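Architecture at a glance
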Amino acid sequence: MTKKVYIIPCSGIGKVYGSICRQAAYRVGNDLKPGVTAIECLPLIVKGKKEVVDELKKNKVITLDGCTALCAYYDVVNVIGEPDAQFLSTSVVQKNRDLKPEPTIYPLGENAKEVMEIFAKEIAEKVGELVDGEK
Amino acid sequence: MEKSKLILNTKPKIGLIACSGENLVEGTITRVATRIVVEKLRPQITTILCQPLFMAGDIKHKGGGKEREFAKIHKTITVEGCEEACGKIAVERYSAPAAATIYIQDIMKKYPQLKPESKEELDEDGLKLAEIVAEEIATTIDELYNSQ
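This is a predicted model, so every value here is computed, not measured.

Here we come to the overall build of chain B. A count of helices and strands for chain B gives 6 helices and 4 strands. Each helix and strand of chain B, placed in order from N terminus to C terminus, yields the pattern β-α-β-α-α-β-α-β-α-α. Within chain B, buried positions represent 55% of all 148 residues. Counting only contacts in chain B whose residues sit at least 6 apart along the sequence, the fraction spanning at least 24 positions is 67%. Total accessible area on chain B stands at roughly 6700 Å², and carbon and sulfur atoms take up 52% of it.

Quick look at the structure:
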C-alpha cells in the first residue's frame with residue numbers, strides 16, 4: 001500500500017509565518033496533492049495519542065515551521081523520529097525579498113497569501129518526490 | 001463585539017493558549033477567538049502563548065522555556081477545540097494546572113444554529129462562533145484578573 005504524506009504545520013500563533021504554514025498545509029492537502037496527503041494536529045502528536053503516533057510512524061512526514069525554533073520539527077523528532085522532510089516558511093521571503101508578508105495573523109494579507117502559495121508549491125514538489133520514491 | 005476595556009495594567013497578565021488543532025474547524029475557531037481577545041478585547045492584560053513553542057519547551061535557547069516559565073507563575077487559560085484537551089494537559093504537565101479551560105464544543109452546543117464547516121478559512125458561522133468564544137474567554141479573563 002502506498003504511504004501517505006502527513007504534513008504537520010507548526011501553526012504558531014504569535015507571528016504570521018505560523019499562519020502561512022497552516023494555510024500552506026491546507027493548500028497542499030486540498031488542492032495541490034489531494035489524496036496522497038493528510039494533516040494531523042501537532043498538539044495531539046505531542047500529547048502522544050497512540051493511534052496518531054502509530055499512523056505517522058507508518059507513513060511519510062513533512063514538518064512546516066514558521067520560525068527558527070523549529071517546534072514542529074523538534075516535536076515530531078521527539079515523538080516519531082526524524083521527519084522525511086522539513087520546511088521553514090521564512091525561507092520563502094529570504095528568496096523573495098519583495099514579498100514581505102503583512103503581520104496580520106488572521107486573515108492573511110495579500111503578500112502573505114502569495115508567500116503561502118510559493119511555499120505550498122515547494123512542499124507539493126517534495127510530496128511528489130516522496131510519493132514517487134514509494135513506487 | 002465588545003470594545004477593548006482600558007485597564008491600568010498593575011497585576012500580572014493572564015496567559016492564553018489556544019489548541020490551534022489543524023485537523024478540526026474547532027481548532028481554527030480557538031485560534032481566531034484567542035487572537036480577537038489579545039488584539040481587541042483584552043490586549044492590555046493578556047499575553048498569548050504559542051502552543052507549539054510551549055510544547056517544545058526544551059528548546060530553551062529559542063524561547064520555549066520562557067513560555068513554560070510564564071505559565072508557572074501566571075494564571076493561564078487554555079482554549080480547547082476537542083475533548084483531547086491538549087493545551088490543558090500540556091500546561092499541567094510542564095508548568096502548573098491551568099487556571100481555567102474553555103471547551104469550544106460546550107459553547108457550540110449552546111448555538112446549534114451555527115454550523116461552521118471550513119477549517120481552512122472560517123465561514124460566517126465560524127466567525128460568529130469565534131466572536132462568541134472570544135467574549136467567553138474575556139469574561140473568564142476578567143474573573144481571573146480581578147481575583148489577583
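Let's pick the thread back up.
This next bit is on the interface of chain A and chain B. Tallying the contact residues gives 30 residues for chain A and 31 residues for chain B. The junction of chain A with chain B conceals about 2700 Å² of combined surface from both sides, 58% of it contributed by carbon and sulfur atoms. Inspection of the chain A/chain B interface yields 2 salt bridges. Lys49 of chain A serves as the salt-bridge partner of Glu84 of chain B, at 2.7 Å between the closest nitrogen and oxygen. Linking chain A to chain B there are 16 residue pairs in polar contact (both at pLDDT 80 or more). Elements with a contribution of two residues or more to the side of chain A that touches chain B: helix H1 (16-32), helix H2 (42-47) and helix H4 (71-79) of chain A. The element that contributes the greatest number of residues to the side of chain A that touches chain B is H1 of chain A, accounting for 6 residues. Looking at the side of chain A that touches chain B residue by residue, the class counts come to 17 nonpolar, 8 polar and 5 charged.

All names here are of chain B. Among the 5 residues that make up strand E3 (residues 76-80), 5 are buried, leaving the element largely enclosed by the rest of the structure. Of the two faces of E3, the one holding Thr76, Thr78 and Glu80 and the one holding Ile77 and Val79 are both buried throughout. Where strand E1 (residues 14-18) and E3 come together, 4 bridges link them in parallel fashion. The residue bridging Gly15 from the neighbouring strand is Thr76, located in E3. Following the chain from E3 across helix H4 (residues 86-94) to the adjacent parallel strand E4 (residues 100-103), one finds a crossover that is right-handed.

Reading the values: rules and limits
Residues numbered from 1 in each chain as written. Chains lettered and ligands numbered in written order. Predicted model: local features only at pLDDT ≥ 70, side-chain atom pairs only at ≥ 80, totals over all residues. Heavy atoms only, no water. Helix = DSSP H or I, 4+ residues; strand = E, 2+ residues; numbered from the N terminus. Buried < 20%, exposed > 50% of the residue type's maximum accessible area, 1.4 Å probe, protein only. Contact = heavy atoms within 4.5 Å. Areas by Shrake-Rupley, 256 points an atom, 1.4 Å probe, with all protein chains shown as cover. Buried area = accessible area lost by both parts, 1.4 Å probe. Salt bridge = Lys/Arg side-chain N within 4 Å of Asp/Glu carboxyl O. Polar contact = N/O pair within 3.5 Å; in protein donor to acceptor, adjacent residues only side chain to side chain. Nonpolar A, V, L, I, M, F, W, Y, C, P; charged D, E, K, R; others polar. Pairing = 2+ DSSP bridges. Right-handed = clockwise from strand over helix to strand, strands pointing away.

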